[in-house]
Amino acid sequence: MKKPSDPDKNNKAERDTTAGLGDSSIRKTFFPQIHRHVQELREEIKERKRVEDELRESQDLLHTVMNSTKDAMIAIGEDGLITTFNAAAEQMFGRTEKEMMGRPLDLLMPEEYRPRHREFIKSYFATGKPDNAIGKFVELPGLTRDGTMFPMEISLSPGVYGGKKFVISVARDITDRKRVEVEREKLMQAEAELDQER
């Protein structure tokens, strides 16, 4: 009959074998690799943090510049939804940034312009056309929160960020300018009528 093995002796033999490897071969072979890997991870984390800090600073600077300008600045993504709405835009349209982020841009224009604008956005991001308004000043009516319409002048500029296309519009309320133009036309017409009477 076979005599059962002694568990204590087996465990002791296994510990002796492991200890022999652990004290010399394994430590010499793997510790430098582990140490080098840890150092590489630390450097990678350090570099990633540096890039993130620089990106955050750039975003903060951009946000400060955009909110200090007197012109409304509004950006939309490929889905036609608002991604940027600065302080001047808030004042011009009577709507908050929080309210407008992720909302359709056509909320800021009279209803009769909305279907055509949606088709324009869809076509432009898909094909790059029509682009006749890109890089030019265009006069369009704007719509405030309370439903008041006003004339505005906008310029559109395309861009790409994070691999995604966007269009940013810079808008200016030209109500005062239009009022002056109307008054000038009235004055010129009155002068012309006086000249005819003489």
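Now for a look at the structure at hand. (Residues numbered from 1 in each chain as written. Predicted model: local features only at pLDDT ≥ 70, side-chain atom pairs only at ≥ 80, totals over all residues. Heavy atoms only, no water.)

### Some remarks on the overall build of the chain
Assigned secondary structure in the chain consists of six helices and five strands. Going from N to C terminus, the chain has its helices and strands arranged as α-α-β-β-α-α-α-β-β-β-α. Within the chain, the proportion of its 198 residues that are buried is 23%. In the chain, of all internal contacts separated by at least 6 residues, the share reaching a separation of at least 24 is 37%. Carbon and sulfur atoms make up 56% of the accessible area of the chain, which totals about 15,200 Å². (Helix = DSSP H or I, 4+ residues; strand = E, 2+ residues; numbered from the N terminus. Buried < 20%, exposed > 50% of the residue type's maximum accessible area, 1.4 Å probe, protein only. Contact = heavy atoms within 4.5 Å. Areas by Shrake-Rupley, 256 points an atom, 1.4 Å probe, with all protein chains shown as cover.)

### So, the pairing of strand 3 (residues 137-143)
The pairing of strand 3 with strand 4 (residues 149-161) spans seven bridges and is classified as antiparallel. Its bridge partner being in strand 4, Leu 143 is matched across the sheet by Met 149. Hairpin remark: strand 3 followed by strand 4, antiparallel, with five residues in the connecting loop; positive phi at Gly 147, about 90 degrees. (Pairing = 2+ DSSP bridges.)

### Some details on the sheet that holds strand 2 (residues 82-85)
The strands that make up a sheet pair up through hydrogen bonds in the backbone, lying either parallel or antiparallel. Ordered by their spatial adjacency, five strands build an open sheet running 2-1-5-4-3, and the pairing between neighbours is antiparallel. Bordering the open sheet on either side are strand 2 and strand 3, each of which pairs with just one other strand. Within the sheet, the average angular offset between the axes of one strand and its neighbour, ignoring direction, is 30 degrees. Where strand 1 (residues 72-77) meets strand 2, three bridges bridge the pair, whose relative direction is antiparallel. Bridge assignment links Ile 76 to a residue of strand 2, and that residue is Ile 82. Contacting strand 1, strand 3, strand 4 and strand 5 (164-173), helix 5 (residues 114-127) crosses the sheet at an angle of about 140 degrees to strand 5. Across the sheet, helix 6 (residues 175-197) lies against strand 3, strand 4 and strand 5, angled at about 135 degrees from strand 4, the strand it touches most. (Axes fitted to C-alpha atoms, helices over the stretch in contact; angles between N-to-C directions.)

### Points about the packing of aromatic side chains
For the structure shown, the criterion picks out four aromatic pairs. Ring geometry for Phe 120 and Tyr 124: centres 6.4 Å apart, planes at 10 degrees, overall stacked. Separated by four residues within a single helix, Phe 120 and Tyr 124 lie in helix 5, roughly one turn from each other. The exposure class of Phe 120 is partly exposed, given its relative accessible area of 22%. Relative to Phe 125, the ring of Tyr 124 has its centre 5.7 Å away and its plane inclined at 70 degrees; by these criteria the two rings are edge-to-face. Given the relative accessible area of 13%, Tyr 124 is considered buried. The exposure class of Phe 125 is buried, given its relative accessible area of 9%. Through a chain of ring-to-ring contacts, the aromatic side chains of Phe 85, Phe 93 and Phe 150 assemble into a single cluster. (Phe/Tyr/Trp six-rings, centres within 6.5 Å; stacked < 30°, edge-to-face > 60°.)

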